[in-house]
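Listed below, chain by chain, are the residues.
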Amino acid sequence: MEEDVLYHFGLGTKTHNLPIMFADVKFVCIGGSPMRMEKFAHFMLEELGHVLPAGQSLVNISAVTDRYAMYKVGPVLSVSHGIGMPSASVMLHELIKLLNHAGCTDVTFFRIGTCGGLGLEPGTVVVSESTVDGLLRPFLDTAVLGKRVSHPAVLDINLARELLTCMDPQDNFAVVLGKTMCTDDFYEGQARLDGAFCDYSKDEKLQFLRDLHQQGIRNIEMESLCFAAMCNRAGIKGAVVCVTLLDRLEGDQVFAARDTLKLWEMRPQKVVARYIQQKLGIRGQQENLVNGEK
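The notes below deal with the structure included here. Quantities reported herein were computed from a predicted structural model and do not represent experimental measurements. Numbering of residues starts from 1 in each chain and follows the order in which that chain's sequence is written. Side-chain atom pairs in this predicted model are given and counted only at pLDDT of 80 or more, local residue features only at pLDDT of at least 70, and totals for whole chains, interfaces and linings cover all residues. Just so you know, side-chain values use all the structure's heavy atoms and leave hydrogens and water out.

Our next topic: the packing of helix 3 (residues 85-102) against helix 6 (residues 224-234). Look at helix 3 against helix 6: their axes get within 9 Å of each other, and the N-to-C directions meet at 25°. Between helix 3 and helix 6, the interaxial angle falls into the category roughly parallel. Read as a crossing pair, helix 3 and helix 6 show a hand that is right-handed. In this structure, helix 3 uses Met85, Ala88, Ser89, Leu92, His93 and Ile96 to contact helix 6, whose residues at the interface are Leu225, Cys226, Phe227, Met230 and Ala234. Tallied by class, residues from the contact of helix 3 with helix 6 come to nine nonpolar, two polar and no charged. For helices, the fitted line uses only the C-alpha atoms of the stretch in contact; every axis is such a line through C-alpha atoms, and the angle between N-to-C directions lies from 0 to 180 degrees. The way it works is that DSSP assigns letters per residue, a run of H or I at least four long becomes a helix, a run of E at least two long becomes a strand, and they are numbered from the N terminus. In these notes the angle categories are as follows: under 35 degrees is roughly parallel, over 145 is roughly antiparallel, 65 to 115 is roughly perpendicular, and the rest is oblique. Definitions for this section: a left-handed crossing has its near helix turned counterclockwise from the far helix by less than a right angle. A right-handed crossing has that turn clockwise. Contacts are assigned to residue pairs with any non-hydrogen atoms lying within 4.5 Å of each other. Any residue that is not Ala, Val, Leu, Ile, Met, Phe, Trp, Tyr, Cys, Pro, Asp, Glu, Lys or Arg is counted as polar, Gly included; the first ten are nonpolar and the last four charged.

Set out below in structure tokens:
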């Protein structure tokens, strides 16, 4: 096409020099909340030891819109995707096109976020080895031209296993590999009893969740299936790294204190940041600087 308007980012091939702006991107980290992804960008500034030019600060590249937020820290792009697969799909379509227009190569994608756990201590980080839909199928279904089209939802298992090595002996949390169930809904789709509607019993809910756990499913969220299918379609290495906010076998609502939740939300970010540092050959350097070493 003569011009491509990336409407939801407020960017375009004629209005912006996308290669100049984004050609050096090697890592893309996406998460639901614009505020969380802004905080992640500031966190990466510290973790990478990246120094902005004098008089400049981190800015939301997509500030002219109110759909998504986007921040760039050297080779790292931090982007919000909203809640659920429809919102994530729109963002990923335009993000993949953006990177293509910019001439980016060998880019790795990460979804970092929160989830409900199954049989895990709240605060545990789950790295997804695979993802299934609410019917336990590893496919993303999309209605195209009035017909159902299914795309395999495949994550990079080698990338997932590498992330497991990015723990620190001083970490006070566990990082585990497990299957993820991705749903279209936060309430009935995830077998909650506390939604506006509920047509099943507590016993039926618990039996369903126990069955999931027996099949190796360790967490439930709302974007991984779309993320995996679109990364696989585009030939992009992708990983999903989420922290559990509760054990769904014990309840439906999140009762942890807000300060605790903020600490937990940092855990996937730390794991992914260490992986990026490792790939850039700088892991350990920032810790040494903090300790006064050169």
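On to empty space enclosed by the protein. Detection works on a 1 Å grid of protein atoms alone, calling trapped sets that fit a 1.4 Å probe cavities and calling open sets with protein on both sides within 12 Å along at least five of seven lines pockets, with lining residues defined by an atom within 4 Å of a point. Grid points are joined across faces, edges and corners, and a volume is the space filled by probe spheres set on the points. For the coordinates displayed, the defined rule picks out one cavity of 30 Å³ or more. What the largest cavity holds in volume is close to 40 Å³. Together, Arg36, Ile112, Gly113, Thr114, Glu265, Pro268 and Gln269 line the largest cavity. Elements supplying a minimum of two residues to the lining of the largest cavity: strand 6 (108-117) and helix 7 (258-280).

The next point concerns the nonpolar core. Phe9, Phe22, Val28, Leu95 and Phe109 are the most contacted members of the largest nonpolar core, which has 38 residues in total. At the level of secondary structure, the elements contributing two or more residues to this core comprise helix 1 (18-22), strand 3 (27-31), strand 5 (76-80), helix 3, strand 6, helix 6 and strand 12 (237-247). In terms of residue count, the dominant contributor to this core is helix 3 (eight residues). Ignoring sequence-local partners within four residues, the contact set of Phe9 consists of Ile61, Ser62, Thr65, Tyr68, Met70, Val79, Met91, Glu94 and Leu95. Listed in part, the 37 residues of the second largest apolar core include Met44, Phe110, Phe173 and Leu245. Here, the term nonpolar core denotes a set of buried Ala, Val, Leu, Ile, Met, Phe, Trp, Tyr and Cys residues that are joined through side-chain atoms within 4.5 Å. Burial classification: accessible surface area is computed with a 1.4 Å probe over protein chains only, and a residue below 20% of its type maximum counts as buried, one above 50% as exposed, and the rest as partly exposed.

Turning our attention to the pattern of salt bridges. Here a salt bridge means any side-chain nitrogen of Lys or Arg lying within 4 Å of a carboxyl oxygen belonging to Asp or Glu. Counted by the stated rule, this structure contains twelve salt bridges. Close ionic contact of Asp24 with Lys72 constitutes a salt bridge, the shortest N to O distance being 2.9 Å. Separated by 48 residues along the polypeptide, Asp24 in the loop between helix 1 and strand 3 and Lys72 in strand 4 (residues 70-73) bring together distant segments of the chain. Accessibility expressed as a relative area gives 39% for Asp24, which makes it partly exposed. The closest approach of N and O atoms between Arg137 and Asp141, which form a salt bridge, is 2.6 Å.

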